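Listed here are the chains, written in short residue letters.
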Amino acid sequence: MRYSACLEWLFAAEAPDFADRVRLAKKAGLDGVEFWLWSNKDIAAIRAALDETGLPLTGFVAEPMVPLTDPAQHGAFLEGLKRSIAVAQQLGAPMLIAQAGADLPGRSRAEQRLALTECLRKAAEILAGSGVVLAVEPLNTLVDHVGYFLPSTEEGLDIIDDVGRKEIRILYDIYHSAVMDEEIAEVLSGRLDRVAHVHLADMPGRHEPGTGRLDWQARVAWLEASGYGGMVGLEYKPTVATEASLKAVLGR
């Protein structure tokens, strides 16, 4: 399996300069890098570090981060998506990440799901031919994201199927899924081709794999045996120096 470093947490203590985190990821033997927001980054410096190291950028968040469950926010998101695509193309990233947004009070789940689906269909039209996909991320609502609309991987996949466009995929987060007590084979069997990217952290705590009770090796092995060909993004908060945590997890 190939692993990507989420540079928001990995190497953050070691390198205040974000572009230097790319270089540290290369030195540590990672296969790629990723991050969250692009608007607060020095894109030119990141491009230079990617060119220098040869590491691919797996993806980052499509901005602005607004609730796609609210039709009033769709215009802002879709205009921002165009700018995010341009940055993704500049950095060679094949994926943008989207979050569904809040479960809005006073509106039914059916109404909000329809709004989310319609926004994703419009997004697919903008993404068409760009070489970039948009991956929607289910998040747990028990610990980290209380009030989020989309905690279920299965419902997320159903929405992807409702949209029915190759430009719209899902980001499967092993940590969030485990917090919601999902079994990876149950939620992904037969639909692994909808997964654009995977995230990994242990639970509880969201620290490096091996610090909690999650049988993460079995989940990664299932992905590999089932034909997943993408990277696993290490999106965890290290409890020790980043390189030491990576050696414990990956033996690199």
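As shown above, the structure is provided for reference.
Residues numbered from 1 in each chain as written. Predicted model: local features only at pLDDT ≥ 70, side-chain atom pairs only at ≥ 80, totals over all residues. Heavy atoms only, no water.

Colleague: Summarise the overall build of the protein chain; cite the residues concerned and give the values.
Modeller: Helix and strand counts for the protein chain come out as 9 helices and 8 strands. Relative to the globule expectation of 18 Å for 252 residues, the C-alpha radius of gyration of the protein chain, 17 Å, shows essentially globular dimensions. Based on the C-alpha atoms only, the size of the protein chain along its principal axes is roughly 45 × 40 × 30 Å. Considering only contacts in the protein chain between residues 6 or more positions apart, those separated by 24 or more positions represent 77%. When the accessible surface of the protein chain is summed, it comes to about 10300 Å², and 51% of that surface belongs to carbon and sulfur atoms. A distance of 4 Å separates the average location of the 25 positive side-chain charges in the protein chain from that of its 36 negative side-chain charges. (Helix = DSSP H or I, 4+ residues; strand = E, 2+ residues; numbered from the N terminus. Rg over C-alpha atoms; globule rule 2.2 N^0.38 Å. Contact = heavy atoms within 4.5 Å. Areas by Shrake-Rupley, 256 points an atom, 1.4 Å probe, with all protein chains shown as cover. Lys, Arg positive; Asp, Glu negative; His and termini not counted. Charge placed at Lys NZ, Arg CZ, Asp CG, Glu CD.)

Colleague: Explain the environment of Ile 170 residue by residue, including any values.
Modeller: Of note, Ile 170 is situated in strand β6 (residues 168–173). Once the C-alpha coordinates of Ile 170 and Glu 137 are considered, the two residues, 33 residues apart in sequence, prove to be 5.9 Å apart. Setting aside residues no more than four positions away along its own chain, Ile 170 makes contact with Ala 135, Val 136, Pro 138, Thr 153, Gly 156, Leu 157, Ile 160, Arg 194, Val 195, Ala 196 and His 197.

Colleague: So what's going on with the sheet that holds strand β5 (residues 133–136)? Residues and values would help.
Modeller: Backbone-to-backbone hydrogen bonds pair the strands of a sheet. The strands run either parallel or antiparallel. With parallel pairing, the 8 strands of this closed barrel are ordered in space as β1-β2-β3-β4-β5-β6-β7-β8. On average, adjacent strands in this sheet sit at an angle of 30 degrees to one another, irrespective of strand direction. The pairing of β6 with strand β7 (residues 195–200) spans 4 bridges and is parallel. Across the sheet, the residue bridging to Leu 171 is His 197, located in β7. (Pairing = 2+ DSSP bridges. Axes fitted to C-alpha atoms, helices over the stretch in contact; angles between N-to-C directions.)

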